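For reference, the chains in residue letters:
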Amino acid sequence: MTFELRGATAVVGIGETPYHKRGTAPLDEDGLRLEAIVAACHDAGIAPADIDGFSSYGHDAEATSLVPALGTRELRWASQVSGGGGGGLGAALAQGAAALALGQARYVVVYRALAQRQSGRLSSAVSSYFFDEHYRAHGLVSPAQVCALRTQRMIEHDGIPAGVLQAFAQACYLHAGRNPLAVGREVDLADEIYLASRMISEPLRLFDSSRENDGAGAVLLTTAERARDLRRPPAYILSAAQGAGADWGELHENDRDYTSAGFAPLAPRLWNDAGIRPGDVDVAQIYENFTGPAVAAMIDLGLVTRENAGEFLTVENLTAPGGRLPVNTGGGNLAGGFVHGIGLAAEAVRQLRGTSPNQVPGARISLLTGGPSAPLVSAVVLGSADTL
């Protein structure tokens, strides 16, 4: 039996809570999660009880804890991506889409919630999970330090100008300034503000770093056939890929391609299955824990090359409406709000609906990535109806 994912499923509903400063959400994670899921159902025009499939990532709540509150009639599918962090964002969509395409569920919701007053500070949890004695013995105790090492190597060895980090950050904050829901909307990230910001771990500055927020998001998927009868224009899944290179699970500082964000092995599958080339992408939501790994992800995926990165990655090219490849048009993890990237998924869909606060005119192909530099990374290509 042959199985083709392209165009078989679509995102039909998105839901987000407001983003709050870490530890200040008015609800616990259960409440935030349910609020986002119910909002996604309302967006699509279905009842929450119609959901019979659940797909999560980042060690979020198991499906069985959601069933009673949603009134689920029958639980038919439940999956959670291996490994923690945001690398599983695209993979969670892929697993949900596969379940739908194979008839294992009718409606699958992908979700992520954080309430750090309840679950503890996210950065501390990541550090305790990831940084073993090999790191601690050398004074490395945070993601910023490890990502900084790789970023500095990218600048010095690969010849990527340091200015592209600034351009990426400024594009995110410019988009946030036009998004009334973005937590960084009041920041005017002029050159002097960026350059005067404190160094977190050289070469990564304050504004190169993602935020820590409370909040939740949900993305609702169904089959292409059902999607045509629902409330919103479908955003069809053209392809999805997840994985890692052969040595990615070893001690991370021994990676052969040290400046990679981990996407290079899966990039050919992503583009071939979608039937497009990197240059066909109209708008991209690039998961940014820090600007350096985000730039590395764009190189891995072929959106830019090491040779042309300095010329291509400018504020003008990265911002909507007229840039060559606008990125993170809701503000992204840097300036929009950070709940392990689920907001990036919602913004990828808004672009295809034509409802983004920073709309790319005529957007037909929208890229979403999860990660980067996580133990497992993933990406999804979404397309409008005329791409099928």
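None of the values given here were measured: they were computed from a predicted structure.

Calculation criteria
Residues numbered from 1 in each chain as written. Predicted model: local features only at pLDDT ≥ 70, side-chain atom pairs only at ≥ 80, totals over all residues. Heavy atoms only, no water. Disulfide = S-S within 2.5 Å. Buried < 20%, exposed > 50% of the residue type's maximum accessible area, 1.4 Å probe, protein only. Salt bridge = Lys/Arg side-chain N within 4 Å of Asp/Glu carboxyl O. Helix = DSSP H or I, 4+ residues; strand = E, 2+ residues; numbered from the N terminus. Polar contact = N/O pair within 3.5 Å; in protein donor to acceptor, adjacent residues only side chain to side chain. Contact = heavy atoms within 4.5 Å. Phe/Tyr/Trp six-rings, centres within 6.5 Å; stacked < 30°, edge-to-face > 60°.

Chemist: Which residues make up the state of the cysteines, and what values do they have?
Modeler: Here, disulfide denotes a covalent bond that connects the sulfur atoms of two cysteines. In this structure the tally under the stated criterion is zero disulfides. In this model cysteine 147 remains outside any disulfide bridge; the closest cysteine sulfur is found in cysteine 172, 15 Å from its own. Relative accessible area serves as the criterion here: at 7%, cysteine 147 is assigned to the buried category.

Chemist: Describe the pattern of salt bridges, with residues and values.
Modeler: Following the criterion strictly, the structure yields 14 salt bridges and no others. Among the ionic pairs, glutamate 16 bridges to arginine 350, the shortest N-O distance being 3.1 Å. One end of the pair, glutamate 16, is in strand β1 (residues 9-16); the other, arginine 350, is in helix α16 (residues 342-353), and 334 residues separate them in sequence. On the accessibility criterion, glutamate 16 (27% relative accessible area) is partly exposed. Three or more residues joined by partner-sharing salt bridges are found here, namely Glu29, Asp30, Arg33, Asp60 and Arg112.

Chemist: Describe the side chain of serine 366, and please don't skip the residues or the numbers.
Modeler: Mapped onto the elements of the fold, serine 366 is located in strand β11 (residues 365-370). One polar contact links the side chain of serine 366 to the main-chain carbonyl oxygen of alanine 348, over a distance of 3.1 Å. When sequence neighbours within four positions are dropped, the list of residues in contact with serine 366 reads Val283, Ala348, Gln351, Leu352, Val380, Val381 and Leu382.

Chemist: Kindly report on the packing of aromatic side chains, identifying the contributing residues and their values.
Modeler: A complete count under the given rule lists three aromatic pairs for this structure. Here the aromatic rings of tyrosine 173 and phenylalanine 207 are separated by 5.4 Å at their centres, their planes lie at 90°, and the arrangement is edge-to-face. Of the two residues, tyrosine 173 sits in helix α8 (residues 163-177) while phenylalanine 207 sits in the loop between β7 (204-205) and β8 (213-223), which places them 34 residues apart along the sequence. As far as the burial class goes, tyrosine 173 and phenylalanine 207 line up, both buried. Relative to phenylalanine 338, the ring of tyrosine 287 has its centre 6.2 Å away and its plane inclined at 80°; by these criteria the two rings are edge-to-face. Here tyrosine 287 is found in the loop between β10 (283-285) and α12 (291-300), whereas its partner phenylalanine 338 is found in the loop between α15 (332-336) and α16, with 51 residues between them in sequence. Take tyrosine 287: its relative accessible area is 3%, and that puts it in the buried class. Owing to a relative accessible area of 6%, phenylalanine 338 belongs among the buried residues under this scheme.

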